[in-house]
Amino acid sequence: MIFYFSGTGNSRWAAHQIADFTGDEAWDIFTPSNIPDLKSESQIGLVFPVYAWGAPAPLISFVRALGSTDAFTFGVCTCGAEAGLSMRKLSEIYPLDSSYSLVMPNNYIIGADIDDPQTARQKIDAAYREIQRLSQEITQRKKVYRVEEGTHAGLKSSIVNFGFNHFARSTKAFYATDACNGCGLCAKNCPAATITLESGKPAWGKQCYQCLRCINECPQRAIQYGKSTVNRGRYTIEPYLK
């Protein structure tokens, strides 16, 4: 079983590709049902995006409930470039036999603009080749640690990640412009279930994972986060899979 959390589709795509190559099943951790019985599973995988050089809060909460296993375990994190110590820290909570990082197109448009189409396409193509390689290693039960930690990994995965989780995940800067038509897609698809519609416009509660699905998926490009996202592009993986 391969469990995944995904904001704009990168990790979802990676999880399903790995499942196809290894003959497994990909399972969204936000599926509204109980965790499947894992006693008969021969392998358990975790696929997720890196947020501020760490695993996302919902993924960490999920793995804490999984319990110990005799199955082969692996983790694959998607990132813009570097993963820091995200996989080492996750393995302290849920021991992993193999760990990988997978470079994918940028979607955190609060920090920087999206990649141009050519760069995004190149990243996805390279990721596909890496998925083929790591899937073969997983099938062979090889214990591998192939993670691009980057410079100052310890600092980034401790102090910076702490700051992100305690201060940067605020919803105060979210708003919808007059371009919003009240379609409700943001509220329907929010993993944190923090968005509701009030008078036909989205309103944000306090809990937020900063996956930015609401911004990137909005058909009208009506959702913004302060001024930083106004002139930046939007990204989901779907257009690159057609």
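Preceding this section is the structure that the text describes.
The rules behind these values
- Residues numbered from 1 in each chain as written.
- Predicted model: local features only at pLDDT ≥ 70, side-chain atom pairs only at ≥ 80, totals over all residues.
- Heavy atoms only, no water.
- Helix = DSSP H or I, 4+ residues; strand = E, 2+ residues; numbered from the N terminus.
- Rg over C-alpha atoms; globule rule 2.2 N^0.38 Å.
- Buried < 20%, exposed > 50% of the residue type's maximum accessible area, 1.4 Å probe, protein only.
- Contact = heavy atoms within 4.5 Å.
- Lys, Arg positive; Asp, Glu negative; His and termini not counted.
- Charge placed at Lys NZ, Arg CZ, Asp CG, Glu CD.
- Arc of directions from axis to C-beta.
- Axes fitted to C-alpha atoms, helices over the stretch in contact; angles between N-to-C directions.
- Parallel < 35°, antiparallel > 145°, perpendicular 65-115°, else oblique.
- Left-handed = near helix turned anticlockwise from the far one by under 90°.
- Nonpolar A, V, L, I, M, F, W, Y, C, P; charged D, E, K, R; others polar.
- Pairing = 2+ DSSP bridges.
- Right-handed = clockwise from strand over helix to strand, strands pointing away.
- Core = buried A, V, L, I, M, F, W, Y, C linked by side-chain atoms within 4.5 Å.
- Phe/Tyr/Trp six-rings, centres within 6.5 Å; stacked < 30°, edge-to-face > 60°.
- Lys NZ or Arg CZ within 6 Å of the ring centre and 35° of its normal.
- Polar contact = N/O pair within 3.5 Å; in protein donor to acceptor, adjacent residues only side chain to side chain.

What follows is about the overall build of the protein. Tallying secondary structure elements over the protein gives seven helices and ten strands in all. In summary, the protein has a C-alpha radius of gyration of 18 Å against a globular reference of 18 Å for 242 residues, a match within 12%. Along the first, second and third principal axes, the C-alpha set of the protein runs to 55 × 40 × 40 Å. Going through the 242 residues of the protein one by one, you find that 50% of them count as buried. Of all intrachain contacts in the protein linking residues separated by at least 6 positions in sequence, the fraction that spans at least 24 positions is 73%. Treating the 25 positive side-chain charges of the protein as one cloud and the 22 negative ones as another, the clouds have centres 6 Å apart.

Taken together, the buried positions of helix α3 (residues 86-93) are Ser 86, Met 87 and Leu 90. Relative to the axis of α3, the buried residues are bounded by an arc of 90 degrees and lie together on one face. For α3, the elements touching its buried residues are β3 (43-49), α2 (57-64), β4 (72-79), β5 (98-103), β6 (145-146) and α5 (153-168).

Turning our attention to the packing of helix α1 (residues 10-22) against helix α4 (residues 117-139). Contact geometry of α1 with α4 gives a least axis separation of 9 Å together with a crossing angle of 45 degrees. With respect to α4, the element α1 is oriented oblique. With respect to the hand of their crossing, α1 and α4 are arranged in right-handed fashion. Together, Trp 13, Ala 14, Gln 17, Ile 18, Phe 21 and Thr 22 of α1 and Ile 124, Ala 127, Tyr 128, Ile 131, Gln 132, Leu 134, Ser 135, Ile 138 and Thr 139 of α4 make up the contact between the two elements. Residue composition of the contact of α1 with α4, by class: ten nonpolar, five polar and no charged.

A separate point is the pairing of β5. Here β5 lies mainly inside the structure; five of its six residues are buried. Both β4 and β5 contribute to a ladder of six bridges, which runs parallel. Residue pairing across strands places Gly 75 opposite Ser 99, the latter belonging to β5. For the crossover that starts at β4, traverses α3 and ends in the parallel β5, the hand is right-handed. Across two bridges, β5 lies against β6 in parallel orientation. From the neighbouring strand, Ser 99 faces β6, where its bridge partner is Tyr 145. Between the parallel pair β5 and β6, the chain is carried across by α4, and the sense of this crossover is left-handed.

The next point concerns the nonpolar core. Of all hydrophobic cores here, the largest spans 46 residues; its most connected members are Phe 3, Leu 46 and Phe 174. Sorting the residues of this core by element identifies β3, α2, β4, α3, α7 (213-217) and β10 (223-225) as the ones contributing at least two each. Apart from residues no more than four positions distant in its own chain, Phe 174 is found in contact with Trp 204, Cys 208, Gln 210, Leu 212, Cys 214, Ile 215, Ile 223, Gln 224 and Tyr 225.

With that settled, the discussion passes to the packing of aromatic side chains. Tallied over the full model, the rule gives twelve aromatic pairs. Three or more aromatic residues joined by ring pairs make a cluster, and in this case those are Phe 5, Phe 30, Tyr 51, Phe 164 and Tyr 209. Over the aromatic face of Tyr 145 sits the side chain of Arg 88, whose NZ or CZ is 4.3 Å from the ring centroid.

Now for the side chain of Lys 156. Note on placement: Lys 156 falls in helix α5. Only 3.1 Å separates the side chain of Lys 156 from the backbone oxygen of Thr 151, close enough to count as a polar contact. The residues contacting Lys 156, other than those within four sequence positions of it, are Ala 52, Trp 53, Glu 82, Thr 151 and Asn 161.

Moving on, we get to the pairing of strand β9 (residues 201-204). Judged from the four bridges that link them, strand β8 (residues 195-198) and β9 form a sheet pairing that is antiparallel. Note on β9: the bridge partner recorded for Leu 197 is Pro 202.

In this section: unusual backbone geometry. Its identity is not glycine, yet Trp 53 carries a phi of approximately 60 degrees, on the positive side. One non-glycine residue, Ala 193, lies in positive phi territory at about 50 degrees. One can find Ala 193 in the loop between α6 (185-189) and β8. What makes Ala 193 exposed here is its relative accessible area of 64%.

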